Amino acid sequence: MIGSECMKKVMVGMSGGVDSSVAAMLLRNQGYEVMGVTLKLFSDEDIVQAEKEGKTCCALSDVEDARSVAYRLGFDHLVFNFKDNFREHVMKQFADSYLAGRTPNPCIECNRHVKFDKMLRRAQELGYDYIATGHYAVNEFDERTGRYLLKRPADRSKDQTYVLYSLTQHQLAHTLFPLGTLEKPQVRELAEAAGLVNSSKPDSQDICFVPDGKYAEFICKFTGIQPPHGSFVDMDGKILGEHKGIINYTIGQRKGLGISLGKPAYVVKKDVLSNTVTLGDESDLYTKSLVAEDMNLISVERLTSPMRVTAKTRYSQTERSAVLSYLENGEYLVEFDEPQRAVTSGQAVVLYDGDTVVGGGTIKARAE
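Everything numeric in this text was worked out from a predicted model, so none of it was measured.

Caption draft 1: Geometry of the sheet that holds strand 2 (residues 33-40). Read across the open sheet, the five strands follow the order 3-2-1-4-7; overall the sheet is parallel. Across the chains shown, the open sheet's two edge strands, defined by having one partner strand only, are strand 3 (77-81) and strand 7 (175-176). Sheet topology places strand 1 (residues 9-13) next to strand 2; five bridges connect them, and they run parallel. Bridge pairing in strand 2 places Val12 opposite Gly36. With respect to the sheet, helix 5 (residues 106-125) is in contact with strand 1, strand 2, strand 3, strand 4 (130-132) and strand 7, its orientation differing from that of strand 4 by roughly 140°.

Caption draft 2: Region of the structure containing the packing of helix 4 (residues 83-99) against helix 5. Where helix 4 meets helix 5, the closest approach of the two axes is 9 Å, and the angle between their N-to-C directions is 165°. With respect to helix 5, the axis of helix 4 lies roughly antiparallel. Crossing angle aside, the handedness with which helix 4 passes helix 5 is right-handed. Contact residues: helix 4 offers Asn85, Phe86, His89, Val90, Gln93 and Phe94, while helix 5 offers Pro106, Glu109, Cys110, His113, Val114 and Lys118. Tallied by class, residues from the contact of helix 4 with helix 5 come to six nonpolar, four polar and two charged.

Caption draft 3: Examining the pattern of salt bridges more closely. One pass over the full model with this rule turns up 23 salt bridges. Among the ionic pairs, Glu64 bridges to Arg67, the shortest N-O distance being 2.9 Å. You can see Glu64 and its partner Arg67 sitting in helix 3 (residues 60-73), three residues apart, about one turn around the helix. With relative accessibility at 37%, the residue Glu64 sits in the partly exposed group. Its salt-bridge partner being Asp203, residue Lys158 comes within 3.0 Å of it at the nearest N-O pair. Linking Lys158 in the loop between strand 6 (147-151) and helix 6 (169-173) with Asp203 in the loop between helix 7 (184-193) and helix 8 (215-223), this pair joins segments that are 45 residues apart in sequence. In this structure Lys158 comes out as partly exposed when scored by relative accessible area, which is 22%. With a relative accessible area of 27%, Asp203 lands in the partly exposed category.

Criteria and thresholds
Residues numbered from 1 in each chain as written. Predicted model: local features only at pLDDT ≥ 70, side-chain atom pairs only at ≥ 80, totals over all residues. Heavy atoms only, no water. Pairing = 2+ DSSP bridges. Helix = DSSP H or I, 4+ residues; strand = E, 2+ residues; numbered from the N terminus. Contact = heavy atoms within 4.5 Å. Axes fitted to C-alpha atoms, helices over the stretch in contact; angles between N-to-C directions. Parallel < 35°, antiparallel > 145°, perpendicular 65-115°, else oblique. Left-handed = near helix turned anticlockwise from the far one by under 90°. Nonpolar A, V, L, I, M, F, W, Y, C, P; charged D, E, K, R; others polar. Salt bridge = Lys/Arg side-chain N within 4 Å of Asp/Glu carboxyl O. Buried < 20%, exposed > 50% of the residue type's maximum accessible area, 1.4 Å probe, protein only.

By themselves, these figures tell us nothing about what the structure is for.
Here is the structure:
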């Protein structure tokens, strides 16, 4: 418990969901001076359909849920307009990456540029010591190394460290994750016991600004660009048929290709310069190594020699044994013990040492 004589101030990002609401309640109960904030991340014209379907965060109902919780728990609530920042660093980056033949993860970019950058800056401008969110992760200080560590939570099924790997030492020093030691059912029980309006509210799903999953439609509308049709080719470059624009396909995709080859075919590669989509057998999807860029190291300041880690290249993937090496040009090599399926440029590779996040970066390419 923090005594009133040294009460710390924390700004809690409240999406309107149960996790961030319970996070705020726990911090209040621990003696922090709490302020709840909801981030307005996009304008109505960008997300009209999502508002209609009621599937997105930051809708009016979510703001009202967050405000209702704050009122019940006895602390103030504000709405911050970060839509320009979100549009530039998340929505535009998402569209540009797809147009460049990559497959981005917008939740990572939102954490990197909005929640733990823009919101933290605003909090500190207003005199707050910390920000907090309802993410399932553990943040602790290692006295031995003098570094803040990001660790996996008690509820492994809700582990969100994959989308938090970009957190810097400064951000970790000023961030609290109150749910790191709890299981999700416990969180709902705490919310119900406290009479919170959102105790049984479903978890948000999909990308908040593309809740229907129609990425290509969003990209065309957002950018005004209609990617041209091109050729499907086989692994030897032989033309197999016509594709409907590179943004309609992802690495590893089998269904919805619109082409029949008499056997299962998978998207193995996308080449923007030649405007081709390479199709192959499932075996062609596997690789043992990748090159990553924009690496953020957390548990160590720098990599002085190859390091044995576990790694995953997708949020829902189980980590696999690998070796991390520095390539001397700002890029890193990740070599897996066993071949990995559908390693995709633009996605993140996140590295672990046991429960501790070593760091992570953006996949540039398969190394072969």
